[in-house]
Amino acid sequence: SQQGEEDPQALSIQEGENATMNCSYKTSINNLQWYRQNSGRGLVHLILIRSNEREKHSGRLRVTLDTSKKSSSLLITASRAADTASYFCATGDDKIIFGKGTRLHILP
Amino acid sequence: EAQVTQNPRYLITVTGKKLTVTCSQNMNHEYMSWYRQDPGLGLRQIYYSMNVEVTDKGDVPEGYKVSRKEKRNFPLILESPSPNQTSLYFCASSLRTSGRTNTQYFGPGTRLTVL
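What you see is a predicted model, and the numbers here were worked out from it, not measured in a lab.

### A few points about a nonpolar patch on the surface
Residue and element names in this part refer to chain B.
- Together, Ile12, Val14 and Leu115 line one region of the surface with nonpolar side chains, adding up to about 320 Å² of accessible area.
- Residue placement: Leu115 occurs in the segment after β11 (110–114).
- Here Leu115 falls in the exposed class, since its relative accessible area comes to 60%.

Okay, here's the thing in structure tokens:
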């Protein structure tokens with residue numbers, strides 16, 4: 001049972017542009033996390049946002065959470081070639097559900 | 001260095017031959033988990049453990065076993081592997097505070113092929 005669903009499935013943008021990915025989920029949550037995965041490698045944690053938070057920043061990353069709409073967005077500003085990766089949202093404290101991910105490709 | 005290690009990293013085996021994939025973390029994390037990743041399906045949780053001797057099923061536990069006898073280790077056991085268990089497997093660990101799981105740290109992955 002997939003809880004988080006990312007949108008779009010794939011995204012290609014020019015280097016320097018901003019990239020926005022969305023995540024929707026179905027049930028109430030305590031927190032939502034975003035992870036990055038470079039091809040075939042382990043996932044790297046980006047940001048955790050709690051249910052009582054609306055926005056969180058980390059460097060060029062900005063995450064928003066709208067619990068009324070059961071959705072979250074990840075914004076990467078001023079994208080770089082190194083941002084090319086798959087991005088996943090995940091919800092849950094014990095039983096954790098990952099979305100299927102957004103494949104982001106930064107064009108030179 | 002804080003890390004999650006998995007062994008082996010690559011494994012090709014045959015149907016029915018029991019195997020174990022080891023996972024170890026050196027961060028004293030209470031929570032550990034196993035996932036499998038398949039094309040188009042994202043990551044799906046197999047089993048998780050909230051502490052020593054406490055394990056529970058994730059979304060896709062069929063065909064797998066786990067044990068948590070020590071805090072640092074969480075092996076994944078395939079008693080009788082089948083071709084549909086060919087996948088990329090990840091182990092992860094996390095600190096728990098106030099009963100909540102926090103950031104998960106992932107191992108490098110184990111690519112398993114069952115012929």
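### Remarks on the layout of surface pockets
- Taken as a whole, the largest pocket encloses approximately 500 Å³ of empty space.
- Contributing to the lining of the largest pocket are 21 residues, with Ser86 and Phe88 of chain A together with Gln37, Pro39 and Gly40 of chain B lying nearest its centre.
- Elements that contribute at least two residues to the lining of the largest pocket include exactly β1 (5–7) and β9 (85–91) of chain A together with β4 (31–38) of chain B.
- When residues of the lining of the largest pocket are assigned to their parent elements, the largest contribution, 3 residues, is made by β9 of chain A.
- Of the residues that constitute the lining of the largest pocket, the class distribution is 5 nonpolar, 10 polar and 6 charged.
- Considering only enclosed or pocket space, the second largest pocket measures out at about 150 Å³ in volume.
- What lines the second largest pocket is simply Asn38, Gly40, Arg41, Gly42 and Val44 of chain A together with Arg9, Phe106, Gly107 and Pro108 of chain B.
- A per-class count over the lining of the second largest pocket returns 3 nonpolar, 4 polar and 2 charged.

### Examining the interface of chain B and chain A
- At the junction of the two partners, chain B supplies 26 residues and chain A supplies 23 residues.
- Looking at the side of chain B facing chain A, the largest losses of area belong to Leu43, Asp59 and Arg100 of chain B, adding up to 27% of the total buried there.
- Linking chain B to chain A there are 2 salt bridges.
- Arg96 of chain B is the salt-bridge partner of Asp94 of chain A, the closest N and O atoms lying 2.4 Å from each other.
- Our enumeration of links across chain B and chain A arrives at 9 residue pairs in polar contact (both at pLDDT 80 or more).
- Contributing elements (two or more residues each) for the side of chain B that touches chain A: β4, β5 (42–51), β9 (87–97) and β10 (100–106) of chain B.
- For the side of chain B that touches chain A, the per-class residue count stands at 10 nonpolar, 10 polar and 6 charged.

### Concerning the packing of aromatic side chains
- If you walk through the whole model with that rule in mind, you get 8 aromatic pairs over all chains.
- Plain terms: the ring middles of Tyr35 of chain A and Phe98 of chain A are 5.5 Å apart, the flat faces sit at 50° to each other, and that makes the pair tilted. Here Phe98 of chain A lies in strand β10 (residues 97–98) and Tyr35 of chain A lies in strand β4 (residues 31–37), a separation of 63 residues in the sequence.
- Residue Phe98 of chain A is classed as buried on the basis of its relative accessible area, which comes to 1%.
- Pairing Tyr64 of chain B with Tyr89 of chain B gives two aromatic rings, centres 5.9 Å apart and planes at 65°, and the pair type is edge-to-face. Pair noted here: Tyr64 of chain B is in the loop between β6 (54–57) and β7 (65–66) and Tyr89 of chain B is in strand β9, with a separation of 25 residues, a long-range link.

### Side note on the sheet that holds strand β3 (residues 19–25) of chain B
Residue and element names in this part refer to chain B.
- An order of β1-β3-β8-β7 is seen for the 4 strands of this open sheet, with the pairing classed as antiparallel. Only two strands of the sheet have a single neighbouring strand rather than two, namely β1 (4–7) and β7.
- Summarising the sheet, β1 and β3 pair through 4 bridges and their orientation is antiparallel. Within the sheet, the bridge partner assigned to Asn7 lies in β3 and is Thr22.

Cut-offs applied
Residues numbered from 1 in each chain as written. Chains lettered and ligands numbered in written order. Predicted model: local features only at pLDDT ≥ 70, side-chain atom pairs only at ≥ 80, totals over all residues. Heavy atoms only, no water. Patch = residues over 30% accessible without salt bridge, like charges linked within 9 Å, V, L, I, M, F, W, Y side chains within 5 Å. Areas by Shrake-Rupley, 256 points an atom, 1.4 Å probe, with all protein chains shown as cover. Salt bridge = Lys/Arg side-chain N within 4 Å of Asp/Glu carboxyl O. Helix = DSSP H or I, 4+ residues; strand = E, 2+ residues; numbered from the N terminus. Buried < 20%, exposed > 50% of the residue type's maximum accessible area, 1.4 Å probe, protein only. 1 Å grid on protein atoms, 1.4 Å probe; cavity = no way out; pocket = protein on both sides within 12 Å on 5 of 7 lines; lining within 4 Å. Points joined across faces, edges and corners; volume = space filled by probe spheres on them. Nonpolar A, V, L, I, M, F, W, Y, C, P; charged D, E, K, R; others polar. Contact = heavy atoms within 4.5 Å. Buried area = accessible area lost by both parts, 1.4 Å probe. Polar contact = N/O pair within 3.5 Å; in protein donor to acceptor, adjacent residues only side chain to side chain. Phe/Tyr/Trp six-rings, centres within 6.5 Å; stacked < 30°, edge-to-face > 60°. Pairing = 2+ DSSP bridges.

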